[in-house]
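The residues making up each chain are set out below.
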Amino acid sequence: MSFRNFILSLAASFGVAWLALVIVPYLKMRSMEPISLSEDEVSGTSVVFNPKRAGRISDGAEVYAENGCYQCHTQLVRPTYAGNDMFRPDWGGLASDEDRGDTRRETNAFDFAGEKYANIGVARLGPDLSNLGRRVTAVYAIDEEIEPELWLYRHLFKPRWLPERRQSACPSFAFLFDQVEVKGNPADETLPFSGKDGREIVPKPAAKALVSYLLSLKKDQPVPAALNFAPAQAEPAPAAAPASAPAEDAPAS
Ligand code: HEC
């Protein structure tokens, strides 16, 4: 290869990458407008509501980060074109909420507002936790008739406790608990099983913070239509369609 060709191919290899990664995105994004949030008549809301995440909840987010939960759990409900998250049971929200009906929706950037770390996650060995708080309070705890906090403490201590989870790959975080001798009445947060020599198992402050954080994971607040692409919220088919309209014109849903 001549020196000239060498230089030309070098320029082409870097030039194409430079064009695609720098110039094209720049041209596409240099004049982005903020999303307009005034479409309340469509989705019933015109503002983005960001729940306050402070105190024990943000401490819990640190415990979550320190213990590498994000290595196996995501907090990102992908849009339907990129995956089937919206159709997994209650990942994107509750498929049927008592008050609000179907609350499922995709994650958007506002969902992480106010958080020190956006625990989006690295890989997905376990289920997505974006709406874990909803699932635990409205489904798991109700099914078993226990407090949502207790459900989570139990899971953290012994993930394989329930028969249907006996092969759970979620590690036990038993080091977040103390085993203390029972004196008088057991504490409210005592786990439903006992430790060595009948000791009671109680959560340490870190476990309490973590559980507060996990219960706060409810990223399914209504969002303005401009941010909502959830199939669950798709507009109903136009009612006044002429009866003779050819069937293939019907919107695929
Ligand atoms: C090695 C990977 C791994 C790590 C690390 C991990 N988990 Fe899990 N987790 C899983 C798997 C796999 C499941 C699914 C099996 C099950 O339900 O137990 C799961 C399930 C769960 C569930 C039940 C979710 C549901 O909706 O059924 C919760 C809650 C949970 N993990 C919390 C945590 C927390 C909190 C941490 C960090 C302290 C953590 N996990 C760390 C793998 C992991």
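Use the structure listed above.
This write-up is about the structure you can find in this document.

### Some remarks on empty space enclosed by the protein
Where empty space is left can be seen by rolling a probe of water-molecule size over the atoms.
Right, so step 1: Counting across every chain of the model gives three cavities of 30 Å³ or more.
Right, so step 2: Volume-wise, the largest cavity comes out at about 60 Å³.
Right, so step 3: Around the largest cavity, the lining residues are Arg-53, Ile-57, Ser-58, Ala-61, Gly-114, Glu-115, Lys-116, Tyr-117, Asn-119 and Tyr-213.
Right, so step 4: The biggest single contributor to the lining of the largest cavity is helix H3 (residues 56-66), with three residues.
Right, so step 5: Along the lines of polarity and charge, the residues of the lining of the largest cavity split into four nonpolar, three polar and three charged.

### Considering the layout of surface pockets
Right, so step 1: Size it by volume and the largest pocket reaches roughly 550 Å³.
Right, so step 2: Lining the largest pocket are 27 residues, and of these His-73, Pro-127, Leu-129, His-155 and Cys-170 lie nearest its centre.
Right, so step 3: For the lining of the largest pocket, the elements supplying multiple residues, two or more each, are helix H4 (132-144), helix H5 (148-157) and helix H6 (205-215).
Right, so step 4: Tallied by class, residues from the lining of the largest pocket come to 19 nonpolar, six polar and two charged.

### Some details on the side chain of Glu-115
Right, so step 1: Here Glu-115 lies in the loop between H3 and H4.
Right, so step 2: Within the structure, Glu-115 has its side chain in polar contact with the side chain of Arg-53 (distance 3.4 Å).
Right, so step 3: Here the side chain of Glu-115 touches Lys-219 through a polar contact of 3.1 Å, side chain to side chain.
Right, so step 4: Every residue in contact with Glu-115, bar those within four places of it in the chain, is listed here: Arg-53, Tyr-213 and Lys-219.

### Side note on the environment of Thr-107
Right, so step 1: The residue Thr-107 is located in the loop between H3 and H4 in this model.
Right, so step 2: Owing to a relative accessible area of 18%, Thr-107 belongs among the buried residues under this scheme.
Right, so step 3: In this structure the C-alpha to C-alpha distance between Thr-107 and Asp-220, which are 113 residues apart in sequence, comes to 8.1 Å.
Right, so step 4: Thr-107 has contacts with Gln-75, Leu-76, Val-77, Phe-112 and Ser-130, leaving out every residue within four places of it along the chain.
Right, so step 5: Looking at Thr-107, its side chain comes within polar contact range of the main-chain nitrogen of Val-77, at 2.7 Å.

Quick notes on the rules
Residues numbered from 1 in each chain as written. Predicted model: local features only at pLDDT ≥ 70, side-chain atom pairs only at ≥ 80, totals over all residues. Heavy atoms only, no water. 1 Å grid on protein atoms, 1.4 Å probe; cavity = no way out; pocket = protein on both sides within 12 Å on 5 of 7 lines; lining within 4 Å. Points joined across faces, edges and corners; volume = space filled by probe spheres on them. Helix = DSSP H or I, 4+ residues; strand = E, 2+ residues; numbered from the N terminus. Nonpolar A, V, L, I, M, F, W, Y, C, P; charged D, E, K, R; others polar. Polar contact = N/O pair within 3.5 Å; in protein donor to acceptor, adjacent residues only side chain to side chain. Contact = heavy atoms within 4.5 Å. Buried < 20%, exposed > 50% of the residue type's maximum accessible area, 1.4 Å probe, protein only.

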